[in-house]
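Reading the structure
Listed here are the chains, written in short residue letters.
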Amino acid sequence: MTTTNPGPGLDVRALQALLAPRRDLDLMRARIRAHLDTCEGYVAFSGGKDSLVALHLTRQVAPHTPVAFFDSGLEFPETVDYITELADRWRLNLHVIPARLTALEIMAGNGTWDHRAPTRHGPDLHQVLITEPAAEAHDRFGAGEVWGVRSQESRGRAAAYANALRAQDCNHTPACDGRDRRARHGGRIARVDGTVALGPVWDWTTEEIWGYITRHGLPLNPVYDKLRRLGAPEHAQRVSAMVDANQLTEGRFTWLARGWPGLFAELCLALPRLREYS
Amino acid sequence: MPLVVRAHLAGGVAQGAPWGIALDGLLASAMWQETKASAIAAGQGYARAMEVDDPPDLDLPLARCRAGNGAWHWAATCLWPGAEAQTDAHVWMGKLDHRDLEHVADRLPKIISGRQGRFRGRRMPVLVTSTPQVTWRAVGDPDRIAELLEPVRSIGKKRGSGEGHVLSWEISAAPELDPLAAGHLHPDGTLGRTTPKACVRRLEQAGCPPTVDGGTGLAGLRPPYMHPARQTRLRLPALLDG
C-alpha cells in the first residue's frame, strides 16, 4: 500500500493537493449521512481511487457502514492485498461478495476470446459481476448505496446522472438551480427496483480526485503506482478487473503484459485472443 | 563457444514483454523464413508452428542447456539494452480504410463502423527501449549465427513503422566468458532469460547466481515461445522497467 509518490522534479499530485477545494464537503457529508439514515445500505468499494474518496467521505459521518467489495475473481493481486490491509487499517466493516461465476469462467466459457472455441451464449458479464452482487448487498444491508461512479468516466454515466438530476424534486424555497442544484441534489440515482445510489464525487474531475487523495494522505492501491511507473497515461490507470471488454483498443493489455507478465501468460492460455490487444 | 552478439540500432527497439527479445527466438524466426522459403520453392506445404500441437525444434546454431527432467533450452539470453537505456511510450493508431475495403471486397455492408465491432479504430501504446545498441550473450557457432542474422534489418514490434531498425550486426567470440553464465546471464549479472529452477541452482553452485530476476511465472522455455506447449513455470528474466 502506498500513499503519495513524490518522484524527482515537480510532483503534480502534490500541486493538485495545494489547490483550494471548490466543493462544499460539509454539505456532501451531510447528504451521505441523510442518505444512509433514510435508505441504510452500504459503500461499494472497488479498490480504485474514486471509490476510495467516496469511502473516506462516508467514514467521516458513518464509520460503521458496511463496505462491499464485489470480487470478480480477476482482480489484480495487489488490489486484494490492498483492500485487506485497508480494512485492517481503517477498521472497515468489509464484506467481500464474490460473483457466482468468475469473470474468467464467463469469458473462457463463451468462446469469444478463443478463435478455436465455438461461440456459446453465456451469462452477461455485467449481470454476474455487478448486478447480482449489488442485489445481494442490497438484500443484506438495505436499499441505499454510496459509490464512486463519476460522470467524467463515460457518456452513459454522465447521461444517467444528468437524467437523475432532472428528475429530482426540490422542496427548497426558493427552488435550487444551477450549481446549487447540482450540489444539493446531484449524484443521486433512484432506480425502479427501489434502490438508491449516491455518488459523492459524481461530478468531480480526475484532478480533484487526486488532489483530495494527496491532501488527505489516503493510502492508494499500489496498482496505480505500478501503472504510472510503466508509463501508462491517466486513462489507462485502471484497477478494476484485469480483463474485461473495456479499453481493449486503447492498449489496456499492453500494460498488463508489461507489468504482470506471468499473469498475462496464464490468462492467455484461457483467453488466447488477449494477445491481439497487447 | 561463448560469444557476444551486438546490434547497432538506429533509435531503439519496441517490445511487448517486460524483457528483451530472445536471441534464440530471433534465430528461429530467421531459420523459419529459410525453411518456409525452401518449402514454397519446392512446391510443398508447411504448417505454422502455432497450428500444431507439438511444434518441432529447429536446429539452431546454439548449444543446448539441459536442465534435467528432459527440459532443455538454447544457451542464449534475451537482449540487454545497457544500463543507460530508457523506455518511452509511443502510440500507434489504426483506423478503418473504407477505400481499401472497397478494393478487396466485391460487396460491403451499408455501414462498417470504425467505432465498434471488429473494425473499430485502435489507439495503442507501444513501449520502445531507446538505445543505440543492444547485446546478447550465447554459446554457439558465430559464423552460422552471423549468416542467419545478416539479412535481419529490424527487430521487435512495429518494424514497419521504423522501430527496431538495425544498422549493423557484430558477432564476436568471447572465450573469456563462462559458458554457463553466457547462456543465462546479462553482462550486469542479472538473469538474462527464462530459466528453469535447476539452471538457477547450477548458476548458484558455479558461484555466479543471478543478482536480479523478474520473479517466477508462466513463460516459454524455447521457441516458439508463445506456443501453449512451451509454456511452463520458470524464473523470469530481469525486467526492463526495473
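This part covers the overall build of chain A. Assigned secondary structure in chain A consists of 12 helices and six strands. With respect to the principal axes defined by its C-alpha atoms, chain A has extents near 65 × 50 × 35 Å. A total of 278 residues make up chain A; the buried ones form 37% of that total. In chain A, once contacts between residues fewer than 6 apart in sequence are set aside, the share between residues at least 24 apart is 74%.

Turning to the overall build of chain B, a few remarks are in order. A tally of regular secondary structure across chain B gives five helices and 10 strands. Across its three principal axes, chain B shows a C-alpha extent of roughly 70 × 45 × 35 Å. Taking all 242 residues of chain B together, 33% fall into the buried category. Put simply, 74% of the contacts in chain B that link residues at least 6 apart link residues at least 24 apart.

On to the confidence of the model for chain B, then. Model confidence for chain B is summarised by a mean pLDDT of 93, while 100% of its residues fall at 70 or above. For this predicted complex, the interface confidence reaches an ipTM of 0.86, while the overall pTM sits at 0.87.

Counting residues at the interface gives 15 residues for chain A, matched by 21 residues for chain B. If you list the elements that add at least two residues to the side of chain A that touches chain B, you get helix H10 (222-230), helix H11 (252-259) and helix H12 (261-270) of chain A. With five residues, the top contributor of residues to the side of chain A that touches chain B is H12 of chain A. Its residues assigned to classes, the side of chain A that touches chain B comprises five nonpolar, six polar and four charged.

What follows concerns the packing of helix H2 (residues 25-39) of chain A against helix H3 (residues 49-61) of chain A. All names here are of chain A. Relative to each other, H2 and H3 sit at 75°, their axes nearing to 9 Å. What the angle tells us is that H2 and H3 run roughly perpendicular. For the pair H2 and H3, the contacting residues are Met28, Arg29, Ile32 and Arg33 in the first and Leu57, Thr58, Gln60 and Val61 in the second.

Residues and elements named next belong to chain B. Pairing analysis gives four bridges linking strand E3 (residues 64-68) to strand E4 (residues 71-74), with the strands arranged antiparallel. What sits directly across from arginine 66, in E4, is tryptophan 72. Between the antiparallel neighbours E3 and E4 lie two residues, among them asparagine 69 with a positive phi of about 60°.

Another aspect to go through is helix H9 (residues 206-216) of chain A. Residues and elements named next belong to chain A. Buried residues of H9: Ile209, Trp210, Gly211, Tyr212, Ile213 and Thr214, and no others. For H9, the elements touching its buried residues are helix H1 (12-18) and H3. One or two positions beyond H9, positive phi appears at glycine 217, with a value near 60°.

Glancing now at the sheet that holds strand E7 (residues 133-139) of chain B. Adjacent strands of a sheet form backbone hydrogen bonds with each other and so pair up, either parallel or antiparallel. Residue and element names in this part refer to chain B. Spatially, three strands are ordered E7-E1-E8 in an open sheet, and the strand pairing comes out antiparallel. The sheet terminates laterally at E7 and strand E8 (166-173), the two strands that pair on one side only. Neighbour to neighbour, the strand axes of the sheet diverge by 15° on average, direction disregarded. Examined bridge by bridge, strand E1 (residues 2-9) and E7 share seven bridges and lie antiparallel to one another. Of the residues in E7, the one forming a bridge with valine 4 is arginine 137.

Moving on: unusual backbone geometry. Here the residue pair proline 223 of chain B and proline 224 of chain B is connected by a cis peptide bond, since its omega of -5° sits within 30 degrees of zero. Considering the arrangement of structural elements, one finds proline 224 of chain B in the loop between strand E9 (216-220) and strand E10 (231-235). Of note, glutamine 247 of chain A is a non-glycine position whose phi angle comes to about 55°, a positive value. Mapped onto the elements, glutamine 247 of chain A comes out in the loop between H10 and H11. Residue glutamine 247 of chain A is classed as partly exposed on the basis of its 15 C-beta neighbours within 10 Å. Residue lysine 158 of chain B is not a glycine yet carries a positive backbone phi of 55°. Judged by the 17 C-beta atoms lying within 10 Å of it, lysine 158 of chain B falls in the partly exposed class.

What follows is about the sheet that holds strand E4 (residues 144-146) of chain A. Residue and element names in this part refer to chain A. Spatial strand order, E3-E2-E1-E4-E6-E5: six strands in an open sheet with mixed pairing. Each having just a single partner strand, strand E3 (93-98) and strand E5 (188-190) make up the two edges of the open sheet. Taken over all neighbouring pairs, the strand axes of this sheet differ in orientation by 25° on average, direction set aside. Where E5 and strand E6 (residues 196-198) come together, three bridges link them in antiparallel fashion.

So, on to helix H1 (residues 23-41) of chain B. Residue and element names in this part refer to chain B. For H1, spanning 19 residues, the distance from its first C-alpha to its last is 27 Å, which sits close to the expected 27 Å at 1.5 Å a residue. Inspection of H1 places Leu23, Asp24, Gly25, Leu26, Leu27 and Ala28 among the buried residues, and these make up the whole buried set. Elements that come into contact with the buried residues of H1 comprise E1, E4, E7 and helix H3 (142-149). Immediately beyond the C-terminal end of H1, within one or two residues, lies glycine 43, with a positive phi of roughly 70°.

Another point: the packing of H3 of chain A against H9 of chain A. Residues and elements named next belong to chain A. One way to put it is that H3 packs onto H9 with a least axis distance of 10 Å and a crossing angle of 55°. Viewed along their axes, H3 and H9 adopt a mutual orientation that is oblique. Pair H3 / H9 crosses with left-handed handedness. Together, Lys49, Asp50, Leu52, Val53 and His56 of H3 and Ile209, Tyr212, Ile213 and His216 of H9 make up the contact between the two elements. Residues belonging to the contact of H3 with H9 are distributed by class as follows: five nonpolar, two polar and two charged.

Residues and elements named next belong to chain B. Looking at chain direction, strand E2 (residues 12-14) and strand E6 (residues 122-130) are connected through three bridges and run antiparallel. By the bridge assignment, alanine 14 is partnered in E6 with valine 128. Pairing of strand E5 (residues 86-94) with E6, which is carried by nine bridges, proceeds in the antiparallel orientation. Bridge pairing links histidine 90 to valine 126 in E6.

About the cut-offs
- Residues numbered from 1 in each chain as written.
- Chains lettered and ligands numbered in written order.
- Predicted model: local features only at pLDDT ≥ 70, side-chain atom pairs only at ≥ 80, totals over all residues.
- Helix = DSSP H or I, 4+ residues; strand = E, 2+ residues; numbered from the N terminus.
- Buried ≥ 20, exposed ≤ 12 C-beta atoms within 10 Å, placed from the backbone.
- Contact = placed C-beta atoms within 7 Å.
- pLDDT = per-residue confidence, 0-100.
- Nonpolar A, V, L, I, M, F, W, Y, C, P; charged D, E, K, R; others polar.
- Axes fitted to C-alpha atoms, helices over the stretch in contact; angles between N-to-C directions.
- Parallel < 35°, antiparallel > 145°, perpendicular 65-115°, else oblique.
- Pairing = 2+ DSSP bridges.
- Expected span 1.5 Å × (residues − 1).
- Left-handed = near helix turned anticlockwise from the far one by under 90°.

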